[in-house]
Amino acid sequence: QLSPPAKMVVKAKKPAYFAKLVELIETCPKILMIQVDFVGSKQMQDIRMELRGRAEVLMGKNTMIRTALRKHMQVNDSLGLDKLVEAVNGNCGFVFCHTDMDEIRSILVENKRQAPAKAGILAMCDVSLPQGPTGLDPSSTNFFQTLNIPTKIVKGSVELIAEVKVVHAGTKVSASQAVLLTKMGIKPFEYGIKVQHVYDNGSVFDAKVLDITDDVVVGKFMGGVQNIAAISREVGIPTEASLPHMVSGGLKNMAALCADIDYTFPEIQKLKDFLADPSAFA
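The structure contained in this document is the topic of the report that follows. (Residues numbered from 1 in each chain as written. Predicted model: local features only at pLDDT ≥ 70, side-chain atom pairs only at ≥ 80, totals over all residues. Heavy atoms only, no water.)

### Concerning the overall build of the protein chain
Then, number 1: Broken down by element type, the protein chain carries 10 helices and 12 strands.
Then, number 2: Taking 282 residues into account, the globule formula puts the C-alpha radius of gyration at 19 Å, and the protein chain, at 33 Å, lies well above it.
Then, number 3: Considering only C-alpha atoms, the protein chain reaches an extent of 100 × 70 × 35 Å along its principal axes.
Then, number 4: Put simply, the protein chain has 282 residues, and 33% of those count as buried.
Then, number 5: Of the contacts formed within the protein chain by residues at least 6 apart in sequence, a portion of 71% connects residues at least 24 apart.
Then, number 6: Surface summary for the protein chain: the accessible area is close to 17,700 Å², and the carbon and sulfur share equals 56%.
Then, number 7: Here the protein chain carries 32 positive and 30 negative side-chain charges, and the mean point of each set is 16 Å from the other. (Helix = DSSP H or I, 4+ residues; strand = E, 2+ residues; numbered from the N terminus. Rg over C-alpha atoms; globule rule 2.2 N^0.38 Å. Buried < 20%, exposed > 50% of the residue type's maximum accessible area, 1.4 Å probe, protein only. Contact = heavy atoms within 4.5 Å. Areas by Shrake-Rupley, 256 points an atom, 1.4 Å probe, with all protein chains shown as cover. Lys, Arg positive; Asp, Glu negative; His and termini not counted. Charge placed at Lys NZ, Arg CZ, Asp CG, Glu CD.)

Pasting the structure below:
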């Protein structure tokens with residue numbers, strides 16, 4: 001339990017934290033919500049330094065964040081902070097963006113650190129040991145036996161008879177698995193900041209929206225235009241999307257009709273010449 005002076009220090013820090021959070025929300029309408037599970041303090045320090053001048057990282061307890069947001073909602077309810085409150089969950093924090101969000105996200109997700117397997121954590125990927133020498137002496141055989149990994153002793157060293165998968169993605173790492181991988185000097189996992197949500201001018205989106213490029217938007221739009229054109233042609237109602245196809249179809253019908261009669265016009269003259277003497281176009 002905190003002593004009275006310590007409690008006073010904590011209480012004094014809360015208003016300052018609330019004021020800073022509110023000021024950043026008011027001045028930075030673009031926010032990345034991040035998860036920092038297993039991210040070390042040194043890694044966070046390096047990320048803060050790399051983001052200097054581009055963005056500001058603010059961490060805090062979820063209860064304090066929610067309290068600050070709810071209080072400010074009573075002052076300014078036009079910011080959509082209720083959606084932000086719902087998104088606050090787990091070991092999260094805010095990155096207030098002063099420059100391009102895509103650039104800042106790239107800096108966040110690219111800064112990763114290799115980490116050893118620790119007992120009790122969920123494996124983020126499969127971990128396999130290759131066939132051949134392990135570099136461990138025979139006294140380590142019991143670790144392999146515990147995990148039912150077949151081995152043999154060759155020249156005073158433990159060798160694996162075949163490649164074996166030690167850890168499966170999504171399962172908890174056992175103590176034996178963690179000790180064995182540590183002994184072999186294997187750091188199978190990498191940890192870094194994960195961008196979970198995006199807050200942009202009162203709206204909260206999944207971070208996947210940042211993967212939507214201009215090419216993707218144009219492609220989706222053109223797909224919709226094609227659908228409109230197809231429906232318009234089928235029901236016979238002219239639209240701006242279907243008009244070029246209708247004109248083209250009409251021209252083809254005219255060309256087919258004029259090919260069988262003694263009548264021409266400039267747009268189909270080349271076709272008439274070809275039908276009259278195909279060898280001239282060989």
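### Brief notes about the sheet that holds strand E12 (residues 203-206)
Then, number 1: Here we have five strands laid out as an open sheet, ordered E2-E3-E1-E11-E12, and antiparallel in their pairing. Because the sheet does not close on itself, it has two edges, and the strands there are strand E2 (55-59) and E12. Mean inter-strand twist for the sheet, computed between neighbouring axes without regard to direction, equals 25 degrees.
Then, number 2: For E2 and strand E3 (residues 92-97), the ladder comprises five bridges, and the chain directions are antiparallel. Directly across from Ala55, in E3, lies its bridge partner Cys97. (Pairing = 2+ DSSP bridges. Axes fitted to C-alpha atoms, helices over the stretch in contact; angles between N-to-C directions.)

### So, the pattern of salt bridges
Then, number 1: Considering all chains together, one arrives at seven salt bridges under this definition.
Then, number 2: Between Asp46 and Lys42 there is a salt bridge, with its nearest N and O atoms 3.0 Å apart. Of this pair, Asp46 and Lys42 both sit in helix H2 (residues 41-51), four residues apart, roughly one helical turn.
Then, number 3: The exposed category is assigned to Lys42, whose relative accessible area is 51%.
Then, number 4: Among the salt bridges present, the one from Arg54 reaches Glu103, with a minimum N-O distance of 3.5 Å. Here Glu103 lies in helix H5 (residues 101-110) and Arg54 lies in the loop between H2 and E2, a separation of 49 residues in the sequence.
Then, number 5: Relative accessible area serves as the criterion here: at 36%, Glu103 is assigned to the partly exposed category.
Then, number 6: Through salt bridges with shared partners, a single network forms among Lys42, Asp46 and Arg113. (Salt bridge = Lys/Arg side-chain N within 4 Å of Asp/Glu carboxyl O.)

### Brief notes about the side chain of Thr134
Then, number 1: Following the sequence through the fold, Thr134 ends up in the loop between strand E6 (132-133) and helix H6 (141-146).
Then, number 2: For Thr134, a relative accessible area of 12% translates into the label buried.
Then, number 3: Polar contacts involving the side chain of Thr134 include one to the main-chain amide nitrogen of Leu136, which spans 3.3 Å.
Then, number 4: A polar atom in the side chain of Thr134 sits 2.8 Å from the backbone oxygen of Val158.
Then, number 5: Other than its neighbours up to four places away in sequence, Thr134 contacts Phe144, Val158, Leu160 and Met184. (Polar contact = N/O pair within 3.5 Å; in protein donor to acceptor, adjacent residues only side chain to side chain.)

### As for the layout of surface pockets
Then, number 1: Of the volumes computed, that of the largest pocket is approximately 320 Å³.
Then, number 2: Elements with a contribution of two residues or more to the lining of the largest pocket: strand E10 (189-192) and strand E11 (194-200).
Then, number 3: Taken together, the residues of the lining of the largest pocket break down into eight nonpolar, three polar and four charged. (1 Å grid on protein atoms, 1.4 Å probe; cavity = no way out; pocket = protein on both sides within 12 Å on 5 of 7 lines; lining within 4 Å. Points joined across faces, edges and corners; volume = space filled by probe spheres on them. Nonpolar A, V, L, I, M, F, W, Y, C, P; charged D, E, K, R; others polar.)

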